[in-house]
Amino acid sequence: MQTITTVAELRRELAKACSAGKRVGLVPTMGYLHDGHLALVEASRAQCDVTVVSIFVNPTQFGPNEDLSSYPRDFVRDEKLCRDAGVEIVFAPGAQEVYPAQFETFVEPGELAKPLCGAFRPGHFRGVATVVCKLFNMVHPDVVFFGQKDFQQCAVVRRMATDLNLPIKIVTVPTVREPDGLAMSSRNRHLSKEERRRAVAIGRGLFAAAEEFRAGVREVEKLIAIAERQLETVDRLQYLELVDGDTLKRAESPLRFPAALCVAAYVGSTRLIDNVLLGLPTP
Ligand code: PAF
């Protein structure tokens with residue numbers, strides 16, 4: 001495995017892979033890797049000849065009062081996890097490599113970036129779309145792998161790839177969960193033991209609603225209420241919305257498919273997101 005920090009070196013290495021006709025997979029991450037990331041690596045290794053894992057805590061997707069400085073980082077551990085998982089290249093650029101002096105060109109997503117997280121994190125998806133587009137241009141991957149936990153991010157990136165004619169296949173990999181149902185997230189490490197116990201309510205709420213959906217319930221308000229009941233132990237529910245799976249607009253009763261029940265909640269000072277797809281084929 002190689003660790004590369006500059007775009008020039010990355011391009012040199014990938015040119016070799018490209019001229020050998022190899023298929024390149026990209027797993028974009030902000031590091032502090034967990035089993036969810038490793039599932040993306042596994043999917044990439046199954047579909048591609050060379051897997052590049054990018055590790056870059058992207059400042060432009062954090063708001064001024066968000067957790068950029070406290071975002072968990074452990075590069076040595078990440079490198080080891082990547083090596084053990086069979087990754088060929090870890091791309092870990094510094095901030096100047098990604099955002100040169102006088103940087104001023106952004107990718108501005110549209111309507112898909114407005115609801116859900118977009119309503120509470122202004123500029124977040126502009127930062128995500130910009131860095132993902134830049135990573136696409138740096139790596140020129142054939143396939144890119146994202147986790148379904150970041151449901152809205154997947155939608156925004158897919159739209160961007162279509163709108164900007166990026167010849168890249170985008171694969172969404174199902175959310176990896178702890179045995180008690182908590183979605184894996186780098187931010188889980190901020191939870192105290194007591195908060196960790198209460199955080200399990202997020203998955204429980206979503207699964208309870210999904211169960212009712214499977215039993216035939218199609219009323220939006222009823223499904224939301226079922227999830228909300230479980231969510232009493234979180235400290236602050238930022239949103240709990242049932243949305244159209246394609247447009248991300250609020251779903252109406254009777255529910256049409258595909259739909260997604262999405263949640264963002266604070267447990268202590270940690271903001272967690274999760275979602276469950278209703279009536280969608282598993283990606
Ligand atoms: O999902 C993430 O970790 C980040 O949003 C991404 C896609 C790596 C962009 O910084």
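Residues numbered from 1 in each chain as written. Predicted model: local features only at pLDDT ≥ 70, side-chain atom pairs only at ≥ 80, totals over all residues. Heavy atoms only, no water.

**A closer look at helix α9 (residues 220-230)**
Every buried residue belonging to α9 is among V220, L223, I224, I226 and A227, and all of these are buried. Projected down its long axis, α9 carries its buried residues within an arc of 155°, all on one side. Structural note: α9 exposes E221 and R229 on the side pointing more than 90 degrees away from its buried face. Against the buried residues of α9 lie α8 (193-214), β7 (236-244) and β8 (259-267). (Buried < 20%, exposed > 50% of the residue type's maximum accessible area, 1.4 Å probe, protein only. Helix = DSSP H or I, 4+ residues; strand = E, 2+ residues; numbered from the N terminus. Arc of directions from axis to C-beta. Contact = heavy atoms within 4.5 Å.)

**Considerations on the UniProt feature "binding site: (R)-pantoate" (unreviewed entry) in the protein chain**
Residues annotated by UniProt as "binding site: (R)-pantoate" (unreviewed entry) correspond here to Q61 and Q153. On the basis of their most widely separated C-alpha atoms, the annotated residues across 93 residues gather in one place, lying no more than 11.3 Å apart. Of the annotated residues named above, the ones that line the largest cavity are Q61 and Q153. Along the chain, the position of Q61 falls in the loop between β3 (50-55) and α3 (75-85). With residues near it in sequence (within four places) discarded, Q61 still touches M30, E66, R121, H124, G127, V128 and V131. Of note is the side chain of Q61, whose polar atom sits 2.9 Å from the side chain of N58. One can find Q153 in helix α7 (residues 151-163). A residue is classified by how much of its surface remains accessible, and Q153, at 16% relative accessible area, is buried. Discounting residues that sit within four places of it in the chain, Q153 has contacts with F125, V128 and F146. (UniProt positions renumbered as here; feature names shortened; annotations may be inferred. 1 Å grid on protein atoms, 1.4 Å probe; cavity = no way out; pocket = protein on both sides within 12 Å on 5 of 7 lines; lining within 4 Å. Polar contact = N/O pair within 3.5 Å; in protein donor to acceptor, adjacent residues only side chain to side chain.)

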